[in-house]
Amino acid sequence: MSDGLPKLGNANRAAWIVAIVLISTTLAMIVSWRAPGLNLYVRDRLMQARGPISPPDDIVIIAVDEASIARYGRFPWPRSLTTRALDTIASAQPKAIAIDILYTESTSETEDAALADSIKRAGNAVVAAQLIEIADEKGLPGTRWLHPIPQIENAAAGVGHVNVSTEADGTARELSLRKSDDQGKALWSIALETIRAGEGIRGASVRDVPGAVVLGSRMIPIMPDIPNVSFASRDINSRTDTSRPDRMTIDYVGPPGSFSHQTFGFAEVLDGGVTPQSFRGKYVLVGATAATLGDHVASPFVHAEGASGEQHGELMPGVEVLANSVNTILRSRFYHEAPEWLVILLAALVAAAVVGLLAIAQGRFETLKQLTVLFGLLAIIIGVSYLAFTRWLFSPPLVPALLSFGVAAPLALLRRSLLTSADLDKRIAELAAANELSFLSTPGQTGPDINPNPATLIAHLIAAKTIGIYLLDKKDRGYRLLASHGAEAVPRLSETEVETAASLRPSDSSSNEAEEPSINRKRASDPERSRESQITSRCLVLRNNDNQPSGVLMIKDAPEFEATVETLRLCVEISRSVVNNVDDQLRFRSIRWHLPRGVEWKAHALGVLNRRLLSRARFVDRALRAVDDGLIIADIGGRIAFANPRAAEILDIPQRAVVGSDLFHQLNNLQSQKGSAERKGDHVAREMLMRSVVGRAPVERQIMVGNPPRYYTLRLSAVTSGHDETAPVLGLVAALSDVTQQHELEQMKTDVMTLVSHELLTPLTAIQGMSEVLSQFDVPDDRRREMHLTINDEAKRLAHMISEYLDITKLESGTHGLRLAPLRMVPLIERVLLLLEPLAAQRNIRIARDLAPSLPPIMADADLIAQALTNLVANAIKYSPLDTEIVIRAHAAGNALLVTVKDHGCGIPANVLPHIFEKFYRVPRLEDADVQGTGLGLTLVREIVELHGGHITVESELGIGSSFSVSLPLPTTEA
Ligand code: ADP
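Rules used in this analysis
As a convention, each chain's residues are numbered from 1 in the sequence order in which they are written. Side-chain atom pairs in this predicted model are given and counted only at pLDDT of 80 or more, local residue features only at pLDDT of at least 70, and totals for whole chains, interfaces and linings cover all residues. Side-chain metrics in this entry use all non-hydrogen atoms of the structure; hydrogen atoms and water are not considered. Only heavy atoms are used to decide nearness, and a residue is near a molecule or strand if one of them lies within 4 Å of it. Distance and chemistry together define a polar contact, namely a pair of N or O atoms within 3.5 Å, with one atom able to donate a hydrogen and the other to accept it when in protein, and with adjacent residues in sequence counting only for side-chain atoms on both sides. All accessible-area figures derive from a Shrake-Rupley calculation using a 1.4 Å probe, and residue coverage is judged against the displayed protein chains alone. Put simply, DSSP H or I for four residues or longer makes a helix, DSSP E for two residues or longer makes a strand, and each gets a number counted from the N terminus. Between rings of Phe, Tyr and Trp, where Trp is taken as its six-membered ring, a pair exists when centres lie within 6.5 Å; planes separated by under 30 degrees are stacked, by over 60 edge-to-face, and by other angles tilted. For a lysine, the NZ atom is tested; for an arginine, the CZ atom; a charge sits over a ring if that atom is within 6 Å of the ring centre and within 35 degrees of the ring normal. The buried label goes to any residue with under 20% of its type's maximum accessible area, the exposed label to any with over 50%, and the partly exposed label to all in between, with areas taken from a 1.4 Å probe on protein chains only. Patch building starts from residues that exceed 30% relative accessible area and form no salt bridge, then joins like charges within 9 Å and nonpolar side chains (Val, Leu, Ile, Met, Phe, Trp, Tyr) within 5 Å. We define a salt bridge as a side-chain nitrogen of Lys or Arg found within 4 Å of a carboxyl oxygen belonging to Asp or Glu. Whether two strands pair comes down to DSSP finding at least two bridges between them. Only C-alpha atoms enter the line fits that serve as axes; for helices the fit covers just the stretch in contact. Angles between N-to-C directions range over 0 to 180 degrees. Residue contacts follow a heavy-atom distance rule, with two residues in contact if any of their heavy atoms lie within 4.5 Å.

Participant: Just to check I follow, could you spell out the site of the ligand for this structure?
Facilitator: Residues in contact with the ligand amount to 20 residues; listed here are only the nearest, N875, D903, R922, T934 and L938. A distance of 2.8 Å separates an oxygen atom of the ligand from a polar side-chain atom of N875. Between L938 and the ligand, the recorded distance is 2.8 Å, taken from a backbone N or O atom to an oxygen atom. In isolation the ligand exposes 530 Å². Once the protein is present, 98% of that is buried. With three residues, helix α27 (residues 862–878) is the single largest residue contributor to the shell around the ligand.

Structural data, given as structure tokens:
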């Protein structure tokens, strides 16, 4: 199934793309066929954008201009004027002369003959004929040629028609190379005839071939796609009355006046103001330019703009159109049209490019990317079209391309928004279907027995017989049953029923459920009610997140119960979750749809799901915070994303500072606290990381934090995205469980084992051995006495050791309550010394006192302090050689009272100094062979001092002596 889905998706996608391309191409082609004016407009625009190109030097216009008319009077002039001008021109040996003036009627015999002679002399002069519309004898419209008078026609090197073909908008874009009248009498265009005459080509050499007209060595392509029209057509439209519409696109050099540097007035020529050089070897075109003579047409450089289509640019005189036509043929500036199949293909390509580019432009800055690709494509289409038009004289199918672009872009965007919308619906449906995201099971799934019905759960919690969870139905102004336990739950509750039930105990309806238990207690103490052991009916109003009532929890037939605040809260919380989730659930039931849903629905659905997820997240968050263990969750990079308050407490950093910090930095800190000077923390943390991330095995470490130390088990495990071992690691969870108590128990067990196995067993064996010898053998008296003494000594030592051990254990476990009382240190020291001085005297050791007078009293347990001092002084005596001195000093230092016992004894090696306060530790020293001890004395001292909030320090130098200092806090004097 998973294989099939992407294939289906791809097929779907391809279908969409094909549909968009087809629709865009079809629409583009239909519009461009139906509105050919668009193509013409675009072509004009391209020509205007191209602008004027440099005009040719070999075309000269002799203009019947305003100045000449002013000079010689109204047109037509006497033909003698033309004869003179023609002679002047012809004498300069131009290539050909085209006379764009009609000589269809005779004037005076001599003038006509003179003109015919002049034309004949020139040898290369072409005269004009015109096709006119005329009604025949039956009144039917027809066409007829207006020929020049035969004299002139015969003298001329050729006769060409001067009909200018204009489009519907009056613009002359094309030249009809040949025109024919109704009878099929055809004449070539005067432009063609002029070139023919100029190049000395025979008339017969001009002929039609498929797609072109042959003029000597030139091929003039004609516009394709225009059907041949029968020359017998009665159509009077000048554009469709030809046999074969041999039409050629005129490439205009520029707007009217582009030939002005090569244009001379008639008068100028007659006055001899133009050098013959100006005509030599050139095409001389004689025609009217004066506005008063008419014969002006619009060129593509004229364009209509504005609301009422105002015309911009001047009209062009016919002779200038002729000049442009001649130039087009001479320079072979023929525009090629794209064949229809290529136009369709290009339109389809543009549509495909739009769809493709929009599919690529996704992700970040999507709108920007889409705009960029769309405008980029548009620029490319226009740019390439412009280049094609100006450089390669190719008439681009810009209209179909732009239309295709304009249709495909919105369609592609629409497709994407539809797909995204449908996808969003799917995601919403997935989220909606994810039941495990709701806080508790939803009522939609509640089965009678197997599934935990929330009502049943509540019933068990408060031992009620009937429980009903109702949802507020706003439309119905009542409450609908969602989940029930027991037979008596009614399917509907009216608002009044709920109000009465709630008003029995006003505080029931408040959201403050904390008051509930007190009410129960009140009821229980009511003697009358306490006999009746059932609460009949009660109602708790459930509120949603906005604190608005959303349902009720109905409890019936519950026994008097001592429900705790928590139990009631839990019941209300469960009911609230049911009520607030069912609201969402119902609306998601009809998830099967095909068309994407509306944006508003989506926003609403997402809002509901959001709330559900948030409540779930809040629940999880609270649960994690409530855990008694320290919990740290970090991402794979080790950045701590979550730490519960307990973790912050253990790390001894504010919670806010933990989140965002580095997990391994924190673990290193813990580790190095443990190992004091040892800097292997880094190593340990790295190893833990390796084992948990690479080995995927939870790693456990015991760590010790703070002073007094607390012990924790640090458990580091990797969070993976799946259950199997290869699933990628998403993050790390570190759990810190306090195991101080277990650690202490372990320690005690070890101590007892040491005590029993070493310290007790050895003397006991000695006692047993000696008592056996004494009982079984006859031992001499002095030996017997000695043995008795030893047994006594060992037994005393044992008793001493056990009592000392018990003392320490009691102090450690906190069962020895301190009996604090004001205590003056100096008298206490004196009392201790009173007992110990005889012992010192035995070894000839002097005890010196340096006790500060009027030391303030402290709050302390006198017996324990005395015991601690006794141990210190006894040690000083025990571990000092004969004839030495011990100094006891007591003075106040800052906020503490300092008691120092300094001896001149053997001293303690520096390397064992840290161990002397450990239980059972004794410095292994030959000198101490005869000194009895347990190794518990100093442990007891430290325990006592620390219990009083003080501390003990030691300084010692081998062979010089030791100095033990006890610092006890002085009571703070209140101001
Ligand atoms: P013990 O019962 O052996 O004296 P303690 O806990 O009192 O046990 O002392 C631990 C060890 O510390 C002793 O075994 C001894 O070696 C050393 N020690 C204690 N006090 C002194 C001292 N004043 N001078 C030298 N060594 C001392």
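Now that the structure has been shown, the text picks up again.
Participant: Any chance you could explain the packing of aromatic side chains here in plain terms?
Facilitator: One pair of aromatic rings is described through two measures. These are the centre distance and the angle between the planes. What the rule picks out here adds up to five aromatic pairs. Where Y72 meets W77, the ring centres are 5.5 Å apart and the plane angle is 70°; that geometry is what we call edge-to-face. With a centroid separation of 6.1 Å and an interplanar angle of 15°, the aromatic rings of Y805 and F920 are classed as stacked. With Y805 in helix α25 (residues 781–813) and F920 in the loop between β35 (896–902) and α28 (937–947), this residue pair connects regions lying 115 residues apart in the sequence. Put simply, the rings of Y72, W77 and F266 pair up and form one aromatic cluster. R178 extends its terminal NZ or CZ atom over the ring of W188, reaching a point 4.6 Å from the ring centre.

Participant: Got a minute to help me understand helix α13 (residues 454–462) in this structure?
Facilitator: Since the α-helix packs 3.6 residues into each turn, any two residues three or four apart lie on the same face. Residues P454, A455, T456, I458, A459 and I462 constitute the buried set of α13. Phi turns positive one or two residues past the end of α13, at A463, with a value near 55°.

Participant: Help me understand a nonpolar patch on the surface in this model?
Facilitator: Among the surface-exposed residues, V18, L22, I23 and L27 lie close enough to one another that they form a single nonpolar patch of about 350 Å² accessible area. As for its position among the elements, I23 is in helix α1 (residues 4–34). Owing to a relative accessible area of 40%, I23 belongs among the partly exposed residues under this scheme.

Participant: It is not clear to me how the sheet that holds strand β9 (residues 206–209) should be interpreted in this structure. Could you clarify?
Facilitator: Strands pair in a sheet through their backbones, by hydrogen bonds, and they do so in one of two ways: parallel or antiparallel. Ordered by their spatial adjacency, three strands build an open sheet running β9-β10-β11, and the pairing between neighbours is antiparallel. Only two strands of the sheet have a single partner each, and these edge strands are β9 and β11 (218–221). Strand-to-strand, the axes of this sheet are offset by a mean angle of 25°, without reference to chain direction. In the sheet, β9 pairs with strand β10 (residues 212–215) via four bridges, with the strands oriented antiparallel. When the bridges of β10 are listed, V209 appears paired with A212. Helix-sheet contacts for helix α7 (residues 190–198) involve β9, β10 and β11, and the interaxial angle to β10 is about 30°.

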